[in-house]
Amino acid sequence: MSSLRAALVVLAICCAFPRYSPAQADTGAAAAPRLRLQSFSLIVRDYDEAKTWYTTKLGFAVIRDQVFGIGDRFLMVAPPGQTDVGIVLQKAVVQRNPAEPEMPTDYSDRIGKQVNVVLRASDVRAYADSLVARGVRLTAPVREMPWGAQTTFTDLYGNSFVVVGPARTAR
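Each value, and the rule that gives it
Residues numbered from 1 in each chain as written. Predicted model: local features only at pLDDT ≥ 70, side-chain atom pairs only at ≥ 80, totals over all residues. Heavy atoms only, no water. Pairing = 2+ DSSP bridges. Helix = DSSP H or I, 4+ residues; strand = E, 2+ residues; numbered from the N terminus. Axes fitted to C-alpha atoms, helices over the stretch in contact; angles between N-to-C directions. Core = buried A, V, L, I, M, F, W, Y, C linked by side-chain atoms within 4.5 Å. Buried < 20%, exposed > 50% of the residue type's maximum accessible area, 1.4 Å probe, protein only. Contact = heavy atoms within 4.5 Å.

Caption draft 1: Seen up close, the sheet that holds strand β2 (residues 61–68). Strand order across the open sheet formed by four strands is β1-β4-β3-β2, with mixed pairing between neighbours. In this open sheet, the two edge strands, each paired with only one partner strand, are β1 (39–44) and β2. Ignoring which end each strand starts from, the neighbouring axes of this sheet average 25° apart. When β2 meets strand β3 (residues 72–78), the two strands line up antiparallel, connected through seven bridges. Paired with Phe68 across the two strands is Asp72, which belongs to β3.

Caption draft 2: Representation of the nonpolar core. Core analysis: the largest hydrophobic core is formed by 30 residues, its most contacted members being Tyr54, Leu58 and Phe153. Those elements giving two or more residues to this core turn out to be β1, α2 (47–56), β3, β4 (86–91), β5 (117–120), α3 (124–133), β7 (148–154) and β8 (160–165). Other than its neighbours up to four places away in sequence, Tyr54 contacts Leu42, Gly59, Phe60, Val77, Ile87, Leu89, Asp155, Leu156 and Phe161.

All we've got here are geometric facts, nothing functional implied.
Shown next as structure tokens:
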């Protein structure tokens, strides 16, 4: 699926499903628990390599970097100022934790297989320029679309990112 097509699918889904409001709930039923996206994981070969790339190339901030277990870490990064949702940089191969025998320990086949992480920028062109200045290669130029602006890039492992935002007004 092309990055443009994937971004259009995401946009269509967002427009097709209006935001849920607790006022819309059936008052006779118990209120559903509130649920929010906290993070998603990208599989990486090396914690420090990935941390350096995301912080120096993308300008992301480290939200949490905590060692636990044998050689394992919880490493979460996010765009500067965002602390409610982040990307967990998860090492591909870890030692089995006896306390969690059901958890897989080898994700090496998933490196670079995450498809289209979508980032929202207030100014896609300015953000793209900052990425290029830091050595990130865009996989598609910034394009003005009927619904806004878009560009794409891949991280050091080949994971695809789509950056979307409002269209620029004529200068």
